[in-house]
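Architecture and fold: a report
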Amino acid sequence: MDIRDEHFNLARWYDVIEDALKDPAAEPIYNLRGDGEGLYDAIFLGGGAGGRFGAAYMRAMGGRPLIIDAWPFLGGSCPHQACVPHHLFSDVAAELDLWRWFSGQLFFPEWDPSRVSILEIVRLFLRGRSNAHAFMNWQTKEQLDVEYVLNAAGRLVDANTVRAGGRMFRARNLVLGMGAQPRPPEVPGIDKRGVFDFATLVEELDYEPRRCVVIGGGKTALEYGSFFHATGCDTTIVSRSPLMRTPSLHHVDEDLRRYVVDGIHKRGIDVREGAEPVAILGGDRVEQVRIRLAGGELLEVDADFVFVGTGETPNSSEARQILGVAVGSREEIMVDKSMRTSVPNVYAIGDLIGPPMEMFKARKCGVTAAKHIMGEPAEFDFTEYPDFLHTTYEVTWVGLSEQEARERVTDVIVIQMPPYVENLDTERLPLPLAERTMLYGFTMPELSGFQKLVVDGGSRRVLGAHHVGYGAKDAFQYLDYLIHRPQGLTIDELGGMNELFLNPEHFVQLSRLRAGRYELLSL
Ligand code: COM
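Counting from 1, residues in each chain are numbered in the order their sequence is written. Totals for whole chains, interfaces and linings use every residue, but because this is a predicted model, local features are given only for residues with pLDDT of at least 70 and side-chain atom pairs only at 80 or more, for both listing and counting. Water and hydrogen atoms were dropped before computing side-chain values, which therefore reflect all heavy atoms in the structure.

This paragraph deals with the overall build of the protein chain. For the protein chain, the helix and strand inventory stands at 15 helices and 23 strands. This radius of gyration counts C-alpha atoms alone. The globule rule is 2.2 Å times how many residues there are, raised to the power 0.38. Taken over the C-alpha trace, the protein chain has a radius of gyration of 25 Å; the compact-globule value for 523 residues is 24 Å, and the two agree within 12%. Principal-axis analysis of the C-alpha atoms places the extent of the protein chain at approximately 75 × 60 × 45 Å. Note on exposure labels: buried denotes an accessible area under 20% of the residue type's maximum, exposed denotes more than 50%, and partly exposed covers the range between, all computed with a 1.4 Å probe on protein chains only. Per-residue burial over the protein chain gives 56% buried out of 523 residues. At a minimum sequence separation of 6, the contacts of the protein chain that also span at least 24 residues come to 66%. For the area figures, the Shrake-Rupley method with a 1.4 Å probe applies, and any residue is considered shielded solely by the protein chains shown. Split by element, the accessible area of the protein chain, about 22900 Å² in all, is 51% carbon and sulfur. Measuring between centres, the 54 positive side-chain charges of the protein chain sit 2 Å from its 74 negative side-chain charges. In this text, helices come from DSSP runs of H or I with a minimum length of four residues, and strands from runs of E with a minimum of two, each type numbered from the N-terminal end. Residue contacts follow a heavy-atom distance rule, with two residues in contact if any of their heavy atoms lie within 4.5 Å. Under the counting rule used here, the positive set is Lys and Arg, the negative set is Asp and Glu, and His together with the chain ends is not counted. For charged residues, the charge sits on one atom: NZ in Lys, CZ in Arg, CG in Asp, CD in Glu.

Next comes the structure, spelled out in structure tokens:
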């Protein structure tokens, strides 16, 4: 389908995408100038976030990029199977949490799990996801003026050539952005029906789960496990490490972690830490999961639904075999700070280069590669970044945890809410208090959240910020920028900012209460 001279509106794009998703024989979608002849500055193989942003940036700089993607839409797994459905599910979990705690009180009806269906919410997502896809295709063509070939698996030919839809496309450079896929643990029975990951959940779920076992203790496991449980589906989480203590969560503060994990227990999720699945039992379908508990004893947990949230593996094998790019121990393509692989003129970006598999990293890798190709010096260091996860809360952090700070500086000041003061009856304290925690603050104060600022008392610089509640995620994007500037962010500067009261994170006003002191004190 040649759409170069077409100018589809969003409804037409929605239909084109949905038709292609349903029909395996659907033809490629070509949006090419000059029929794709000539030499591109770069072919972005993979039109996910990294490829789309990289190509758009290169085009904005005056270059000629081409995106090739197997899916009939741009944006990749985020809007199709990953971040967007996860945010829908986590939003639903937060709403349901409110309903469950306030069942039959105020204006809330009695909690009625029969009205809540995981399958219905998955189907709601499936009906809507191509609206976002439609916009990405439209924007990339009509506003960003980027050429693309969609619905055609690109095959690497050499370091300058990609075949797609039976045609050859040539470029001075390749930017590989083929992403990653869920990595199932090696457990007997993992192939049984009823075992899902975040991708197959949205693609294949066709029944209502009643009893769920989640494998993993990191972000994905907690986010999906919290959602399943919030819907009324009994949920057990099985994790080798303590929850939120997987390697990529090293900046998670222990007090914040304890607040979150206590909340998970309070809500009735069965948590098995230090445990591992040893077999998934049943006939064709899962019926039980056998787990080895921390003490070594075996336990069989009934389940009609298993969710695997144990991480992803980069899709690097074709690039390794055809181009010979160097890969690391976790199959990630090795790159330098400009996203160059071991093969000249071949770059790699996004999840393909390993963790963190986060949106900001994918997009900024793409932009870094684009700049470098266009002759602008560009390096990207993503060792420090703000991060978050959802339970029924939004949990956000940036910089150092209190423990990490104590290992590095001698005078650590902690400003937190609720404060830690021995024998103070903080269970009566309706703080933090702001949008979305007001009802909790006036009824069940201990559910209203937690926040902590970690400050170096000597330099007065903020070292880390940690938050459990709702609505603070945006602030952490800017806090990250401020505290990681060469000059950092002092408690005095933070206390001098203009808060929009009531504000979900109370860092500004709490800092102001202490900033007047020459020798800082915790609060
Ligand atoms: C976001 C996809 S869902 S992209 O980064 O805008 O391409």
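Quick look at the sheet that holds strand β13 (residues 276-281) now. The strand order across the open sheet formed by three strands is β13-β14-β15, and the pairing between neighbours is antiparallel. Each end of this open sheet is capped by a strand with a single partner; those strands are β13 and β15 (298-302). The mean inter-strand angle of the sheet, taken between neighbouring strand axes irrespective of direction, is 25°. One ladder, built from five bridges, connects β13 with strand β14 (residues 288-292); its direction is antiparallel. Bridge pairing in β14 places Ile 280 opposite Val 289. Strand pairing is defined by DSSP finding a minimum of two bridges between the two strands. Helix axes use the C-alpha atoms of the stretch in contact, all axes being lines fitted to C-alpha atoms, and the angles between their N-to-C directions lie in the range 0 to 180 degrees.

This part is about helix α10 (residues 359-373). By this rule, a helix spans an expected 1.5 Å times one less than how many residues it contains. An ideal rise of 1.5 Å per residue puts 21 Å on 15 residues; α10 measures up with 21 Å between its terminal C-alpha atoms. In this structure, the buried residues of α10 make contact with β2 (39-45), α2 (49-60), β7 (167-176) and β18 (346-348). Residue Gly 375 follows α10 closely and has a positive phi angle near 90°.

What follows covers the state of the cysteines. The definition used for a disulfide is geometric: two cysteine sulfur atoms within 2.5 Å. Applying the stated criterion across every chain, the model contains zero disulfides. Cys 233 provides the cysteine sulfur closest to Cys 212, a residue in no disulfide bond, and the two sulfurs are 5.0 Å apart. You can call Cys 212 buried: its relative accessible area is 0%. Looking at the unpaired Cys 365, the closest cysteine sulfur is the one in Cys 83, lying at 15 Å.

So, on to the side chain of His 229. On the secondary structure map, His 229 appears in helix α7 (residues 219-230). As used in this structure description, the phrase polar contact means that two N or O atoms lie within 3.5 Å; if the pair is within protein, one of them must be able to donate a hydrogen and the other to accept it, and residues adjacent in sequence are counted only when both atoms belong to side chains. A polar contact of 2.6 Å, which involves the side chain of His 229, links it to the backbone oxygen of Arg 267. Among all residues touching His 229, those that are not within four sequence positions of it are Arg 100, Asp 234, Thr 235, Arg 267, Gly 268 and Ile 269.

What follows concerns the pairing of strand β5 (residues 155-158). Regular strands have side chains that alternate between both faces of the sheet. Across three bridges, β5 lies against strand β6 (residues 161-164) in antiparallel orientation. Among the inter-strand pairings, Arg 155 is bridged to a residue of β6, identified as Arg 163. Linking β5 back to β6 in an antiparallel pair, the connection comprises two residues.

A few words now on the nonpolar core. Soluble globular proteins tend to bury their nonpolar side chains together. For our purposes a nonpolar core is just a set of buried Ala, Val, Leu, Ile, Met, Phe, Trp, Tyr and Cys residues, chained together by side-chain atoms within 4.5 Å. Leu 201, Leu 205, Phe 228, Met 244, Phe 305, Phe 307 and Val 395 are the most contacted members of the largest nonpolar core, which has 56 residues in total. Where this core is concerned, the elements lending two or more residues are α4 (83-101), α5 (118-143), α6 (198-204), β10 (211-215), α7, α8 (254-266), β16 (305-308) and β20 (394-399). Broken down by element, this core gets its largest block of residues, seven residues, from α4. Discounting chain neighbours no more than four positions away, the residues touching Val 395 are Met 244, Leu 256, Val 260, Asp 387, Phe 388, Leu 389, His 467 and Val 468.

So, about the sheet that holds strand β22 (residues 450-456). Strand-to-strand pairing in sheets goes through backbone hydrogen bonds, with the strands running parallel or antiparallel. Ordered in space as β19-β20-β23-β22-β21, the five strands form an open sheet in which the pairing is antiparallel. Each having just a single partner strand, β19 (387-390) and β21 (412-417) make up the two edges of the open sheet. The average angle at which neighbouring strand axes cross in this sheet is 10°, direction not considered. With six bridges connecting them, β21 and β22 associate as antiparallel partners. Residue Val 414 lies in a different strand from β22, and its bridge partner there is Val 454. Each of β20, β21, β22 and β23 (462-469) is contacted by α8, which is oriented at about 5° to β23, the strand it contacts most.

So, on to the site of the ligand. The cutoff for a nearby residue is simple: one of its non-hydrogen atoms must lie within 4 Å of the molecule or strand. Contacts to the ligand come from Ala 49, Arg 52, Phe 53, Gly 75, Cys 78, Pro 79, Met 136, Met 359 and Arg 363. Between Arg 52 and the ligand, the recorded distance is 2.7 Å, taken from a side-chain N or O atom to an oxygen atom. A distance of 2.8 Å separates an oxygen atom of the ligand from a polar atom in the side chain of Arg 363. Computed on the free molecule, the ligand has an accessible area of 260 Å², of which 92% lies beneath the protein chains in the complex. Broken down by secondary-structure element, the contributors of at least two residues to the shell around the ligand are α2, α3 (77-80) and α10. Per element, the largest residue contribution to the shell around the ligand is three residues, and it comes from α2.

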